[in-house]
Amino acid sequence: MTVVGRDEVRALLESPSPDATLVLVGGRCEVVPESRAEGVVIAGRRDLESLLGDSPVDDRRLGELAERLDTVARDLGA
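Attention in this report is confined to the structure presented alongside it. Counting of residues starts from 1 at the beginning of each chain's written sequence and follows it residue by residue. In keeping with the model being predicted, local features are shown solely for residues with a pLDDT of at least 70 and side-chain atom pairs are shown and tallied solely at 80 or more, while totals for entire chains, interfaces and linings include all residues. Here the side-chain values reflect all heavy atoms present in the structure, with hydrogen atoms and water set aside.

Comments concerning the side chain of serine 17
Our working rule: Helix and strand definitions here come from DSSP, where helices need a minimum of 4 consecutive H or I residues and strands a minimum of 2 consecutive E residues; each element is numbered from the N-terminal end. Burial classes: relative accessible area under 20% of the type maximum marks a residue as buried, over 50% as exposed, and values in between as partly exposed (1.4 Å probe, protein chains only). Identification of polar contacts relies on pairs of N or O atoms within 3.5 Å, with a donor-acceptor requirement for protein atoms, meaning one able to donate a hydrogen and the other able to accept it, and with residues adjacent in sequence counted only if both atoms are side-chain atoms. Two residues qualify as a contact provided that any one of their heavy atoms is within 4.5 Å of a heavy atom in the partner residue.
Here serine 17 shows up in the loop between helix 1 (6–14) and strand 1 (20–25). Taking relative accessible area as the criterion, serine 17 reaches 14% and is therefore assigned buried. Reaching out from serine 17, the side chain makes a polar contact with the side chain of aspartate 19 at a distance of 2.5 Å. Setting aside residues no more than four positions away along its own chain, serine 17 makes contact with Pro33 and Arg45.

Here's what the structure looks like:
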């Protein structure tokens with residue numbers, strides 16, 4: 001079962017909050033401002049933006065990021 005998918009990555013990148021953070025709470029992911037992050041922090045919006053650089057964000061790239069973040073979530077105990 002996937003913990004982090006394309007939808008979660010898209011929500012993180014499209015969040016209106018510049019300090020948006022993807023957290024794992026009770027087995028599911030939520031995007032919240034960093035100051036309200038409770039649970040296991042998987043990644044911040046700034047982290048993804050630095051990984052992406054100037055690369056366009058298409059479905060393939062979203063999938064790659066989702067796979068990486070899903071691995072991080074599992075390594076953190078999801």
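Having seen the structure, we can now continue with the description.
Thoughts on the sheet that holds strand 1
Rules: DSSP bridges decide pairing: two strands pair if at least two such bridges lie between them. Note on geometry: axes are lines fitted to C-alpha atoms, helical ones only across the stretch in contact, with angles between N-to-C directions running from 0 to 180 degrees.
Spatially, three strands are ordered 2-1-3 in an open sheet, and the strand pairing comes out antiparallel. The open sheet terminates on both sides in strands that have one partner only, identified here as strand 2 (28–33) and strand 3 (40–44). Each neighbouring strand pair of the sheet contributes to a mean axis angle of 30°, computed without reference to strand direction. Strand direction decides the pairing type here: strand 1 and strand 3, joined by four bridges, are antiparallel. Of the residues in strand 3, the one forming a bridge with leucine 22 is alanine 43. Contacts from helix 2 (residues 45–52) reach strand 1 and strand 3 within the one sheet, and its direction differs from that of strand 3 by about 40°.

Details of helix 3 (residues 59–75)
To keep it simple, the criterion reads: Each helix should span, by expectation, one fewer than its residue count multiplied by 1.5 Å.
Taking 1.5 Å of rise per residue, the 17 residues of helix 3 would be expected to cover 24 Å, and the 24 Å separating its terminal C-alpha atoms lies within 8% of that figure. Those residues of helix 3 not exposed but buried are Arg61, Leu62, Gly63, Leu65, Ala66, Leu69, Asp70 and Ala73. Buried residues in helix 3 make contact with helix 1, strand 1, strand 3 and helix 2. Of the residues trailing helix 3, glycine 77 is marked for its positive phi of about 110°.

Details of a nonpolar patch on the surface
This is how the line gets drawn: In this analysis, a patch consists of residues with relative accessible area above 30% that form no salt bridge, clustered at 9 Å for like charges and at 5 Å for the nonpolar side chains Val, Leu, Ile, Met, Phe, Trp and Tyr. The Shrake-Rupley method, run with a 1.4 Å probe, gives the accessible areas here. Residue values count only the displayed protein chains as cover. Take a side-chain nitrogen of Lys or Arg and a carboxyl oxygen of Asp or Glu: if they are within 4 Å of each other, that pair is a salt bridge.
A contiguous nonpolar patch, built from Val40, Val72 and Leu76 and spanning about 200 Å² of accessible area, is present on the exposed surface. The exposure class assigned to valine 72 is partly exposed, which follows from its relative accessible area of 30%.

Thoughts on the packing of helix 1 against helix 2
What counts here: These descriptions rest on fixed angle ranges, namely under 35 degrees for roughly parallel, over 145 for roughly antiparallel, 65 to 115 for roughly perpendicular, and the rest for oblique. When residue character is reported, Ala, Val, Leu, Ile, Met, Phe, Trp, Tyr, Cys and Pro are called nonpolar, Asp, Glu, Lys and Arg charged, and the others, Gly included, polar.
Running from N to C, helix 1 and helix 2 point in directions that differ by 95°, and their axes come no closer than 9 Å. What the angle tells us is that helix 1 and helix 2 run roughly perpendicular. Residues Val9, Leu12 and Leu13 of helix 1 form the contact with helix 2, whose own contacting residues are Arg45, Leu48 and Leu52. Here the residues of the contact of helix 1 with helix 2 sort into five nonpolar, no polar and one charged.

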